[in-house]
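Close look at the chain arrangement
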Amino acid sequence: MKIVLLGPPGSGKGTQANIICEKYNLPHVSTGDIFRYNISNNTTLGKKVKSYIDAGSLVPDEVTIEIVKDRLNNADCKKGFVLDGFPRNLPQAKALDEFASIDKAIMIDLADDEIIRRLSGRRMCKKCGNPTHIDWLVDGKCEKCGGEVTTREDDREEVVRARLEKQKLPQDVIDYYVKKGIFAKVKATDTKEKTFEKVNEILKKIKSN
Ligand code: AMP
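Residues numbered from 1 in each chain as written. Predicted model: local features only at pLDDT ≥ 70, side-chain atom pairs only at ≥ 80, totals over all residues. Heavy atoms only, no water.

Thoughts on the overall build of the protein
Counting its secondary structure elements, the protein contains nine helices and eight strands. Its C-alpha atoms give the protein a radius of gyration of 16 Å, near enough to 17 Å, the size a compact globule of 209 residues would have. Counting only C-alpha atoms, the protein reaches 45 × 40 × 35 Å along its principal axes. For the protein, restricting intrachain contacts to residue pairs at least 6 apart in sequence, the fraction spanning at least 24 positions comes to 71%. Just so you have it, the protein exposes about 10,800 Å², and 49% of that area is on carbon and sulfur atoms. (Helix = DSSP H or I, 4+ residues; strand = E, 2+ residues; numbered from the N terminus. Rg over C-alpha atoms; globule rule 2.2 N^0.38 Å. Contact = heavy atoms within 4.5 Å. Areas by Shrake-Rupley, 256 points an atom, 1.4 Å probe, with all protein chains shown as cover.)

So this is what it looks like as structure tokens:
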């Protein structure tokens, strides 16, 4: 099963990706996670992308596409994957088709006001990378593994607003997947469990095809 999760930052894509990957035993390929890992390890790639991420801008396509291509070439992605945060524009969507055959592009959708509210409470687990929220923590720790949590640099309100403005998913990406007959949209206003039920209905149809 080769899935793309689309949607604005903070809509819960990462959370849904984690649940799907756990349930269907698929690798979670998140461009944001790859970039953050490289930034925190001060790699050449990390140094190249840090200023874009800090400003809430997109990393240039030539860098991002190469990273995804490399990652999807790994043996663990052969049977399938959940791609989270890529593509974010039409050139990326077209490039992806050259090295992967996507079964479904699922948009996890949420209004801007709710995104800002959610992101101000978002935390990341330092130990297992789980994207979580202050409302879900257990004794201030990650509800999944008990690890310490931290706030993402780019979840500060001014950067969130910049990301929403600069990273609005272009309509042409949606149109591209609609035309291919593989687009689906799920409103993420409910709890993560209820949202997953809706996502899972879509996934079950792919499995039974
Ligand atoms: P995310 O965790 O998906 O919100 O990504 C964090 C940051 O990484 C974004 O704000 C962008 O700066 C960068 N990024 C992630 N995915 C992409 C992409 N597909 N194209 C360009 N930049 C990206």
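Next comes the rest of the description.
Some points on the environment of alanine 17
With respect to the element layout, alanine 17 can be found in helix 1 (residues 13-24). We classify alanine 17 as buried; its relative accessible area is 0%. C-alpha separation for the pair alanine 17 and valine 159, spaced 142 residues apart in sequence, amounts to 23 Å. Excluding its chain neighbours within four sequence positions, the residues that come into contact with alanine 17 are Leu5, His28, Val82 and Asp84. (Buried < 20%, exposed > 50% of the residue type's maximum accessible area, 1.4 Å probe, protein only.)

A short note on the sheet that holds strand 4 (residues 104-109)
Strand pairing within a sheet occurs via backbone hydrogen bonds; the two strands may be parallel or antiparallel. With parallel pairing, the five strands of this open sheet are ordered in space as 2-3-1-4-8. In this open sheet, the two strands that pair with only one neighbour each are strand 2 (28-30) and strand 8 (183-187). If you compare each strand with its neighbour and ignore which way they point, the axes differ by 20° on average. Where strand 4 meets strand 8, five bridges bridge the pair, whose relative direction is parallel. Counted as the bridge partner of isoleucine 108 is valine 186 from strand 8. (Pairing = 2+ DSSP bridges. Axes fitted to C-alpha atoms, helices over the stretch in contact; angles between N-to-C directions.)

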